[in-house]
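Below are the chains, spelled out letter by letter.
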2 protein chains.
Amino acid sequence: MPDSLDSPTTARTQTNRARRNTGRTVLSDVAKLAGVSTATVSRVYNEPDKVSANVRERVEQAALALNWFPNAAGRALASTRSHIAGIIIPTLDDQVFASQVSGMQAAFAARGITLVLGCSNYDPAQALVQVRAMLARGVEAMAVVGEAHPPELFDALRLYRVPYAVTYAYRGDSPHTCIGFDNHAAYVEIAEHLIGLGHRSFAVCIQPTRDNDRVQARVAGIRATLERHGLAVRPEHMLEGESTIGFGRRCLRAIWQAPGERPSAIICGNDHIAIGVLREAEDLGIAIPDELSVTGFDDLEIAKELRPALTTMRVDTYEIGRLTAQHLLDVLDGKHPRHEHAGHEVHAELQLRQSTGPCRR
Amino acid sequence: MPDSLDSPTTARTQTNRARRNTGRTVLSDVAKLAGVSTATVSRVYNEPDKVSANVRERVEQAALALNWFPNAAGRALASTRSHIAGIIIPTLDDQVFASQVSGMQAAFAARGITLVLGCSNYDPAQALVQVRAMLARGVEAMAVVGEAHPPELFDALRLYRVPYAVTYAYRGDSPHTCIGFDNHAAYVEIAEHLIGLGHRSFAVCIQPTRDNDRVQARVAGIRATLERHGLAVRPEHMLEGESTIGFGRRCLRAIWQAPGERPSAIICGNDHIAIGVLREAEDLGIAIPDELSVTGFDDLEIAKELRPALTTMRVDTYEIGRLTAQHLLDVLDGKHPRHEHAGHEVHAELQLRQSTGPCRR
DNA sequence: TTGTATGCGTTATCAT
DNA sequence: ATGATAACGCATACAA
């Protein structure tokens, strides 16, 4: 292979192909400046103990001078570790998911892992697409909210041996590792509280149940509890709609205008809806809690400031995020098998306030 | 170089080095199964038009059968495009930033770009660290909230020629591309509104101004307006603290207990603080707005449901996110120069409600 | 239209 | 402790 001198394009490279020059500073530039091999530069950042102090110093100086830091794609390719984790949530518009992301992000960042976020908008198909995109990115761990997802989603996670956790919801007999609270039990507690106060006629105003196992579990918890007491929710008192104050308002108006006996208690799917019910009650001149008891869920900061203050349940969603990240890190560290059936249950705490009281019927 | 038959380790590879086997399905596996070259498989996913229909079909079948999709690290390295964008926000706990992230995420996802999120917790040093981490990941574009960041942050972005935008805040004479609203002007508008109602004595309850150009601009807007009218805020009526209902409550108590003339209007840094002021006013028996006018900022869903309903300003933060992503995509598409001084101003709209009224002094 | 042969920036293996 | 160099998985210039 003659290295012909009359070929200017071969002057700087060993082949006759043009080198794709990206212009950026790379590890070998640092190695050259520091007068060491590329392997040594790499060691300085990955196994610093294996490098003598003065060489390490030289390399760090060179890196600083050239303003170099390792390229993540190169690292990922060579080490088969991406240092990326993913989370799929329904929406960022809900404070509970936002704070869960916040908790995970902080815990992962402390270990040098970047969290990539995906929103499914409550659509299982979007969730599946997002998970596939994250697998392509080489996520090392994943979290998904709830377990109402296509089986292909969990299949893909298993196939690629990516440790994952189902968050927000906790179910003892789930096939997945769950980190969250028991939605069913939480609403059993709410229903029992109201029944204990003497209520016998209930309405339920709740978010869409479709594709949402958490909300389904809540409704089931209410139904099971009432049934145990020989009670039931009349179909016209079971309202499903968006998670807004406006929907709560519309619910109460519909319930109050409906023919037949009015409920003495309304169980809401969350605080937004409950606030709407409370506000509409004021407009309609309904006395809370004497004429009607109302419960929410989430314990937003505003809940205790309302008049009457809202009885609701508090869940530490930031903690759910933190615990989830911690669990996944433990799996990555080999402290648990990849797809062991583990999990943490976080408790929802009933906050008794003024919006619920004894039934006056 | 004799290919000795008695060397079993060389049977499958062309060298005498052990191949690092990661066990995953790769592009060449698909090529082999489809009976085509690796280049053709790559083309099927990157330049499908350049591949004949039946070959494309074969490749897609093979990929499906092997459950293969391209590895992002490999793509990034080979194409020097990461398909990643980043955003640094102060915190996810604030709805306005959460919805901005939401808007960006949706717009980027529609173009196959993954959004990576970083939270600075209002700490410039953390923001810098996060930006560097994102540059290492090869982000193709970045958004940061506000411009109160270390110069090194913007230097790094420029050095790596990464298009970026400053969001949430908009300032005509900023050296950066800004997408947001004019915090100064917004608070001028609030102050003018109150002055127009006859108010002359003001208190201000606002978030920490340190390292926060948005809040500083708001305070400056208030001060400038009052000064233009020959007025000023007394030091004991300028309170700075956390963005919570509790802080708002403490503010009003402190203001009401302070010696000297009481203000007839309180301008708050956001709705949370304003809600606290309103709640505390009710507890103290202060008539709103007759005895005291109160303003917020953000127009949370709850603002119009309060009694009295809160006068505040509305900003479409989801739209800010969407516009930011769109602008950055345009830059990536070459529609604008990389570091052109461009931007979009989004308008904050005053929502006049019951918490402000004529001064009765 | 399709195949061949590198190179992208880093890490890991082996040798020294 | 340090150096030389082959992977890592994919995209692309160039040849055919």
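Keep in mind it's a predicted model, so treat the numbers as computed, not measured. (Residues numbered from 1 in each chain as written. Chains lettered and ligands numbered in written order. Predicted model: local features only at pLDDT ≥ 70, side-chain atom pairs only at ≥ 80, totals over all residues. Heavy atoms only, no water.)

### With respect to the overall build of chain A
Rules: Only DSSP runs of H or I covering at least 4 residues are called helices, and only runs of E covering at least 2 are called strands; the numbering of each starts at the N terminus. The size measure is the radius of gyration over C-alpha atoms, and the globule rule it meets is 2.2 Å times the number of residues to the 0.38 power. Residue contacts are counted whenever heavy atoms from the two residues lie within 4.5 Å of one another. Note on areas: Shrake-Rupley, 1.4 Å probe, and residue coverage restricted to the protein chains presented here. For the purpose of charge, His is not counted, nor are the chain termini; Lys and Arg are scored as positive and Asp and Glu as negative. Taken as the charge location is NZ of Lys, CZ of Arg, CG of Asp or CD of Glu.
Secondary structure assignment for chain A yields 12 helices and 12 strands. The C-alpha radius of gyration computed for chain A amounts to 28 Å, which surpasses the reference 21 Å derived for 361 residues by more than 25%, pointing to a less compact arrangement than a globule. Projected onto its principal axes, the C-alpha positions of chain A cover 100 × 40 × 40 Å. Here the analysis covers contacts within chain A between residues at least 6 apart in sequence; of these, 70% occur between residues at least 24 apart. Roughly 16,500 Å² of accessible area belongs to chain A as shown, and the carbon and sulfur atoms make up 50% of that amount. Here chain A contributes 39 positive and 42 negative side-chain charges, whose respective centroids are spaced 6 Å apart.

### Focus: the pattern of salt bridges
The following threshold applies: The rule for a salt bridge is simple: a side-chain nitrogen of Lys or Arg has to be within 4 Å of a carboxyl oxygen of Asp or Glu. When a residue's accessible area, from a 1.4 Å probe over protein chains only, is under 20% of the maximum for its type it is buried; when over 50% it is exposed; and in between it is partly exposed.
A full pass over the atoms with the stated rule returns 40 salt bridges over all chains. A salt bridge links Glu280(A) to Arg253(A); its shortest N-O distance comes to 2.9 Å. Within this pair, whereas Glu280(A) is found in helix H11 (residues 271-284), its partner Arg253(A) is found in helix H10 (residues 245-257), the two being separated by 27 residues in sequence. On the accessibility criterion, Arg253(A) (33% relative accessible area) is partly exposed. One salt bridge connects Asp283(B) with Arg249(B), and the closest N-O pair in it is separated by 3.0 Å.

### Side note on the protein's contact with DNA strand C
Definition in use: Here a residue is near a molecule or strand as soon as one of its heavy atoms is found within 4 Å of it. Between N or O atoms, a polar contact is any pair within 3.5 Å; within protein, one atom must be a potential hydrogen donor and the other a potential acceptor, and residues adjacent in sequence are included only when both atoms are from side chains.
By nearness alone, 35 residues border DNA strand C, and Thr22(A), Leu27(A), Ser42(A), Thr40(B) and Arg43(B) come closest of all. A breakdown of the atoms of DNA strand C within 4 Å of the protein gives sugar and phosphate a share of 63%. In this structure, a phosphate oxygen belonging to DNA strand C sits 2.4 Å away from a main-chain N or O atom of Leu27(A). Contact between DNA strand C and Asn46(A): a phosphate oxygen at 2.8 Å from a side-chain N or O atom of the residue.

### Some remarks on the interface of chain B and chain A
So the rule is basically this: Simply put, the buried area is the total loss of 1.4 Å probe accessible area from both parts when two parts are fitted together. Gly counts as polar in this scheme, as do all residues outside two lists: the nonpolar Ala, Val, Leu, Ile, Met, Phe, Trp, Tyr, Cys and Pro, and the charged Asp, Glu, Lys and Arg.
Residue-level contacts link 51 residues of chain B with 51 residues of chain A. Between chain B and chain A, a total of about 4,200 Å² is buried, with carbon and sulfur atoms accounting for 53% of that surface. Of all residues in chain B, the largest losses of buried area upon contact with chain A belong to Phe69(B), Arg137(B) and Glu305(B), amounting jointly to 15% of the total for that side. Linking chain B to chain A there are 20 residue pairs in polar contact (both at pLDDT 80 or more). Looking at the side of chain B that touches chain A residue by residue, the class counts come to 23 nonpolar, 17 polar and 11 charged.

### Some words on the pairing of strand E3 (residues 141-145) of chain A
Residue and element names in this part refer to chain A. Applied cut-off: Should DSSP find at least two bridges between two strands, the strands are taken to pair.
Burial runs high along E3: 5 of the 5 residues are buried. Here E3 shows two buried faces, one formed by Ala-141, Ala-143 and Val-145 and the other by Met-142 and Val-144. In this structure, strand E1 (residues 84-89) lies alongside E3, joined through 4 bridges in parallel fashion. The residue bridging Ala-85 from the neighbouring strand is Ala-141, located in E3.

### Side note on the sheet that holds strand E9 (residues 293-295) of chain A
All names here are of chain A. Test applied: Note on definitions: angles span 0 to 180 degrees between N-to-C directions of axes, and those axes are lines fitted to C-alpha atoms, for helices only across the stretch in contact.
If you walk across this open sheet you meet the 4 strands as E7-E6-E8-E9, and the pairing is parallel. Of all strands in the sheet, those bounded by a partner on one side alone are strand E7 (238-240) and E9. With strand direction ignored, the average angle separating the axes of adjacent strands in the sheet is 15 degrees.

### Describing the UniProt feature "domain: HTH lacI-type" (unreviewed entry) in chain A
Basically, it comes down to this: UniProt positions are given in the numbering used here, feature names are shortened, and annotations may be inferred rather than shown by experiment.
The UniProt record marks residues 25-79 of chain A with the feature "domain: HTH lacI-type" (unreviewed entry), using the residue numbering of this structure. Counted over residues 25-79 of chain A, helix gives 71% and strand 0%. Its end C-alpha atoms are 20 Å apart.

### Describing the packing of aromatic side chains
In plain terms, the rule: For Phe, Tyr and Trp, where Trp contributes only its six-membered ring, two rings pair if their centres lie within 6.5 Å, and the inter-plane angle classes them as stacked under 30 degrees, edge-to-face over 60, or tilted in between.
Inspection of every chain in the model, using the stated rule, returns 14 aromatic pairs over all chains. Here Phe181(B) and Phe297(B) contribute two aromatic rings whose centre-to-centre distance is 5.6 Å and whose plane-to-plane angle is 25 degrees, an arrangement assigned as stacked. Taken together, the residues span a long stretch of sequence, with Phe181(B) in strand E5 (residues 178-181) and Phe297(B) in the loop between strand E9 (293-295) and strand E10 (312-314) at a distance of 116 residues. In terms of burial, Phe181(B) and Phe297(B) fall into one category: buried. In textbook terms, an aromatic cluster arises when at least three aromatic residues are bridged by ring pairs, as seen for Phe97(A), Tyr168(A), Phe181(A), Tyr187(A) and Phe297(A).

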